[in-house]
Amino acid sequence: MTQRTGRAARITAPGSLELVDTTHPEPGPGEALVEVAYCGICGSDREVFAGTRPAEFVRYPVVPGHEWSGTVRAVGAGVPDQLVGRGVVGQGIRTAEGTPASVEGDTEGWPQEYEETGFTLPGGWSTWLTLPARYLHLLPEGADLRAAAGIEPAACVAEAVLLADVTAGSKVAVVGAGTLGLLCVQLLKGAGCEVTVVHHNEERRELAERCGAAHYTGDASTLGATFDAVIEAAGVPGIARTSVRLARRGGRVVLTGIPAQDADDLSSLELVSRNVHVLTVFGAPTRAWAYAVRAFSAGVLDPTPLITHEFDLAEAKDALDELAARRGALKVLLKP
């Protein structure tokens, strides 16, 4: 059996990261072996390193990395040989095979304990990644794998766009102009929406407009409750209530951020009297991945402008520090 060698950045415990040599056997039945091209770093990876991610959503030691892209190099029994050589991205959250949740791509009511690539299972901070082939999404021939590393966060906000139930001409506010918010702007613009970005300062105005925002403000209080839908992508205390107050009567609000402290204090009186519908996103189901991949393939979604830094895998600690320093880093990539 062929053994492929490589390297991986592994967090052994909070605050402890090491670069290790690895070996990867041929994939088993139903599996694919992917050579990772790029892997993004996000706030949840920083939580894993800092030890602040809730215990039920991480298992040490772990190779992080859920925002990856790569090329299939080998497949196991039962997987079409035609996948070998194809560029791919892949879902991280596991569902039990054959259950309705798995068939429908729904992350609610998981029929098994939480398992996810990069958190409880080995992730993309590695030369090689083995996972069930049923979680792969094929990219167009010749796709830019550097850009494709941004499809995972785009899939999360693609689910928000689907839940928002927007149509061409819908007025939508996106609260937060980080990676999630800006990718959301691209998807909404591609759907024909008029998008207003709400961000706490002016630093992202130019990039937001480049992504398709028609309007931009740093002060939500200047906006009325006029939006058909509001998608929150900031994850700071109190922002859920701010988002609700931007929605028109009967509008939809989709929350995607997880604040460090739960201090939103949503008012049931306000929600019911104004008939505002609040929905949430945790992870991306299959339908959202399909949406994001189609948008990427069509050129509607382009994460490239959001990439600000690239590091070699051996510099994973430096990459984490750069993201934490808040010096303008947006999407930071590791190259295994």
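Our structure's up above, just so we're on the same page.
Here we summarise the structure given alongside this text. Remember, predicted model here, so these are calculated numbers, not experimental data.

Reading the values: the criteria
Each chain carries its own residue numbering, running from 1 in the direction its sequence is written. With pLDDT at 70 or above as the cut-off, local features in this predicted model cover only qualifying residues; side-chain atom pairs require 80 or more to be listed or tallied, and sums for whole chains, interfaces and linings still use all residues. Side-chain metrics rest on all non-hydrogen atoms present in the structure, leaving aside hydrogens and water. Remark: nonpolar core denotes a set of buried residues (Ala, Val, Leu, Ile, Met, Phe, Trp, Tyr, Cys) joined through side-chain atoms within 4.5 Å. The buried label applies to any residue whose accessible area, calculated with a 1.4 Å probe on protein chains only, is under 20% of its type's maximum; exposed applies above 50%, and partly exposed to all values in between. Every residue pair with non-hydrogen atoms within 4.5 Å of one another is taken to be in contact. Only DSSP runs of H or I covering at least 4 residues are called helices, and only runs of E covering at least 2 are called strands; the numbering of each starts at the N terminus. By this rule, a helix spans an expected 1.5 Å times one less than how many residues it contains. In this description, the term disulfide denotes a pair of cysteine sulfurs within 2.5 Å. A pair of strands is treated as paired once DSSP finds two or more bridges between them. A fitted line through C-alpha atoms serves as each axis, taken over the contacting stretch for helices, and the angle formed by two N-to-C directions is quoted from 0 to 180°. Here a polar contact means two N or O atoms within 3.5 Å. Within protein one must be a hydrogen donor candidate and the other an acceptor candidate, and residues neighboring in sequence count only if both atoms are side-chain atoms. Aromatic rings from Phe, Tyr and Trp, with only the six-membered ring used for Trp, were paired whenever their centres fell within 6.5 Å, and each pair was classed as stacked if the ring planes differed by under 30 degrees, edge-to-face if by over 60, and tilted otherwise. Throughout this description, the term charge over a ring refers to an Arg CZ or Lys NZ atom that lies within 6 Å of the ring centre and within 35 degrees of the ring normal.

### Section: the nonpolar core
- Counting 53 residues, the largest nonpolar core has Ile151 and Leu188 as the members making the most contacts within it.
- Excluding residues within four positions of it along the chain, isoleucine 151 makes contact with Val89, Leu139, Trp289, Ala292, Val293 and Phe296.
- Counting residues in hydrophobic clusters, the runner-up holds 37 residues, among them Val20, Val63, Trp68 and Val79.

### Some words on helix α4 (residues 151-164)
- The first and last C-alpha atoms of α4 sit 19 Å apart over 14 residues, in line with the 20 Å expected at 1.5 Å per residue.
- The buried fraction of α4 amounts to 13 of the 14 residues, a majority that puts the element mostly inside the structure.
- Just downstream of α4 lies aspartate 165, where phi reads positive at about 60°.

### Digging into the state of the cysteines
- In this structure the tally under the stated criterion is 0 disulfides.
- Note on cysteine 39: no disulfide assigned, nearest cysteine sulfur contributed by cysteine 42 at a separation of 9.3 Å.
- Among the cysteines around cysteine 156, which has no disulfide bond, cysteine 42 carries the closest sulfur, lying 8.4 Å off.

### Quick word on the pairing of strand β4 (residues 67-75)
- Across the 9 residues of β4, 8 count as buried, placing the element largely inside the fold.
- The pairing of strand β3 (residues 31-41) with β4 spans 8 bridges and is antiparallel. When the bridges of β4 are listed, valine 36 appears paired with glycine 70.

### Side note on the sheet that holds strand β11 (residues 227-232)
- If you trace the 6 strands from one edge of the open sheet to the other, you get β10-β9-β8-β11-β12-β13, paired in parallel fashion. One side of each edge strand has no neighbouring strand; the edge strands of this open sheet are β10 (215-217) and β13 (277-280). Each neighbouring strand pair of the sheet contributes to a mean axis angle of 20°, computed without reference to strand direction.
- Contacts from α4 reach β11, β12 (247-255) and β13, with the element oriented near 155° to β12.
- Helix α5 (residues 179-190) contacts β8 (171-175), β9 (194-198) and β11 of the sheet and is inclined by roughly 165° relative to β8.

### Points about the side chain of histidine 137
- As for its position among the elements, histidine 137 is in strand β7 (residues 136-138).
- Among the polar contacts listed, one links the side chain of histidine 137 to the side chain of glutamine 91, at a separation of 2.8 Å.
- Not counting residues within four places of it along the chain, the set of residues in contact with histidine 137 comprises Gly87, Val88, Val89, Gln91, Thr286, Trp289, Ala290 and Val293.

### What about the packing of aromatic side chains?
- Counted by the stated rule, this structure contains 2 aromatic pairs.
- Aromatic pair phenylalanine 57 and tyrosine 114: ring centres 4.9 Å apart, planes at 90°, arrangement edge-to-face. Linking phenylalanine 57 in the loop between α1 (43-50) and β4 with tyrosine 114 in the loop between α2 (100-104) and β6 (128-132), this pair joins segments that are 57 residues apart in sequence.
- Ring geometry for phenylalanine 57 against phenylalanine 282: centres 5.6 Å apart, planes inclined by 45°, an arrangement best described as tilted. Taken together, the residues span a long stretch of sequence, with phenylalanine 57 in the loop between α1 and β4 and phenylalanine 282 in the loop between β13 and α9 (286-297) at a distance of 225 residues.
- Here the aromatic cluster, defined as three or more aromatic residues joined through ring pairs, consists of Phe57, Tyr114 and Phe282.
- Stacked on the ring of tryptophan 128, the Lys or Arg arginine 4 has its end atom at 5.6 Å from the ring centre.
- Geometry around phenylalanine 227 places lysine 171 over its ring, the cationic atom sitting 5.7 Å from the centre.

### Examining the environment of threonine 5
- As for its position among the elements, threonine 5 is in strand β1 (residues 3-13).
- Judged by its relative accessible area of 61%, threonine 5 is exposed.
- For the pair formed by threonine 5 and threonine 23, sequence separation is 18 residues and the distance between their alpha carbons is 4.4 Å.
- Each residue touching threonine 5, except ones within four places of it in the same chain, is listed here: Thr22, Thr23 and Trp128.

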